[in-house]
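Structural description and commentary
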Amino acid sequence: ARVSDFCNDPNYTYFTWAASCSLFEIDVLTGEITVLRTDMVYDAGQALNPLCDLGQIEGSFIMGMGMVTYEEVLEDQIGELSTWGTFQYKPPCSKSIPIEFNVSFLDREHENTGVLSSKATGEPAVDSGPSVFLALKAAIAAAREELNDTECFDMDSPATVERIQLHCNVEKDS
């Protein structure tokens, strides 16, 4: 089914739709990533305040990206939280934001759903954050391929710098 099929079904008219793609570089020696560009198309209906919606969408995307890249929640042996502050728990920061961040609103005709035909723009874009994780795994696979390692691999989320470096299979002497 195409998205347009759902858009015309009255049961799905208020659903928010988004698509995103991210491009970034990884440092195979350290596991650090730089998000070079993210492109997103978002269905916000008829935006009441486009700039406010844009900020909500960008913030929500960064929150979703943080969940799959930086934010590792760890517990100690007795089940107590050991990542209780920013010394141990790493949320996204200003350097985590894509260098080029393009968000465009899906151009839709007037709908009679929501408040004045608007749609939610807060948390729905969180679901686009995993595009970074998937692109990251593809980049790691490309780095491994350069070392003639084409074996499939599993990688848990979040993709922390330690996990990225480990999965790149690069040794200091390589």
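The preceding data block contains the structure.
Parameters at a glance
Residues numbered from 1 in each chain as written. Predicted model: local features only at pLDDT ≥ 70, side-chain atom pairs only at ≥ 80, totals over all residues. Heavy atoms only, no water. Helix = DSSP H or I, 4+ residues; strand = E, 2+ residues; numbered from the N terminus. Contact = heavy atoms within 4.5 Å. Areas by Shrake-Rupley, 256 points an atom, 1.4 Å probe, with all protein chains shown as cover. 1 Å grid on protein atoms, 1.4 Å probe; cavity = no way out; pocket = protein on both sides within 12 Å on 5 of 7 lines; lining within 4 Å. Points joined across faces, edges and corners; volume = space filled by probe spheres on them. Nonpolar A, V, L, I, M, F, W, Y, C, P; charged D, E, K, R; others polar. Patch = residues over 30% accessible without salt bridge, like charges linked within 9 Å, V, L, I, M, F, W, Y side chains within 5 Å. Salt bridge = Lys/Arg side-chain N within 4 Å of Asp/Glu carboxyl O. Buried < 20%, exposed > 50% of the residue type's maximum accessible area, 1.4 Å probe, protein only. Pairing = 2+ DSSP bridges. Axes fitted to C-alpha atoms, helices over the stretch in contact; angles between N-to-C directions. Core = buried A, V, L, I, M, F, W, Y, C linked by side-chain atoms within 4.5 Å. Right-handed = clockwise from strand over helix to strand, strands pointing away. Parallel < 35°, antiparallel > 145°, perpendicular 65-115°, else oblique.

Our next topic: the overall build of the chain. Each helix and strand in the chain was counted, giving four helices and three strands. Each helix and strand of the chain, ordered N terminal to C terminal, gives the series α-β-β-α-β-α-α. Sequence-distant contacts, at least 24 apart, represent 67% of the contacts inside the chain between residues at least 6 apart. As displayed, the chain offers around 10900 Å² of accessible surface, 54% of which is attributable to carbon and sulfur atoms.

Quantified by volume, the largest pocket comes out at close to 330 Å³. Lining of the largest pocket is provided by 17 residues; of these, Thr 69, Tyr 70, Lys 90, Thr 160 and Val 161 occupy positions nearest its centre. The residue makeup of the lining of the largest pocket, split by class, is seven nonpolar, five polar and five charged.

What follows is about a nonpolar patch on the surface. A grouping of Val 73, Leu 81 and Trp 84 is seen on the molecular surface, where their side chains present a nonpolar patch of about 360 Å² in accessible area. With respect to the helices and strands, Trp 84 occurs in the loop between helix H2 (50-69) and strand S3 (100-105).

In this section: the environment of Thr 30. Mapped onto the elements of the fold, Thr 30 is located in the loop between strand S1 (18-26) and strand S2 (33-42). The class for Thr 30 is partly exposed, based on a relative accessible area of 40%. Sequence separation between Thr 30 and Val 170 is 140 residues; the distance between their C-alpha atoms is 9.6 Å. Excluding residues that lie within four positions of it along the chain, Thr 30 makes contacts with Val 161 and Gln 165.

Take the sheet that holds S2 next. An order of S1-S2-S3 is seen for the three strands of this open sheet, with the pairing classed as mixed. Sheet topology places S1 and S3 at the edges, where each strand pairs with a single neighbour. The average angle at which neighbouring strand axes cross in this sheet is 10 degrees, direction not considered. Sheet analysis places S1 next to S2, joined by nine bridges and oriented antiparallel.

Looking now at the nonpolar core. Within the largest apolar cluster, 27 residues are counted, with the highest numbers of intra-cluster contacts made by Ile 33, Leu 136 and Ile 140. When residues of this core are traced back to their parent elements, those giving at least two are S1, S2, H2, S3, helix H3 (130-146) and helix H4 (161-168). With near-sequence residues (within four places) excluded, Leu 136 lies in contact with Phe 24, Ile 26, Ile 33, Ala 159 and Ile 164.

This next bit is on the pairing of S3. Bridge count for S2 against S3 is six bridges, and the pairing is parallel. Considered in S3, the bridge of Arg 37 is made with Glu 100. As for the winding sense of the linkage, the β-α-β connection from S2 through H2 to S3 is right-handed.

Right, let's talk about the packing of H2 against H3 for a bit. For the pair H2 and H3, the least separation of the axes is 7 Å and the interaxial angle reads 45 degrees. With respect to H3, the element H2 is oriented oblique. Contacts between H2 and H3 involve Phe 61, Met 65, Val 68 and Thr 69 from the first element and Pro 130, Ser 131, Val 132 and Phe 133 from the second. Partitioning the contact of H2 with H3 into residue classes produces six nonpolar, two polar and no charged.

On to the pattern of salt bridges, then. Per the counting criterion, the structure on display carries four salt bridges. Glu 72 is the salt-bridge partner of Arg 163, the closest N and O atoms lying 3.0 Å from each other. Highlighted residues: Arg 163 in helix H4 and Glu 72 in the loop between H2 and S3, separated in sequence by 91 residues. Here Arg 144 ties to Asp 149 by a salt bridge, and the two come within 3.2 Å at their closest N and O atoms. Judged by relative accessible area, Arg 144 falls into the buried class, the value being 6%. Each of Arg 37, Asp 39 and Glu 100 takes part in one network of salt bridges that share partners.

Note that every value here comes from positions in space, so none of it alone points to a role or purpose.
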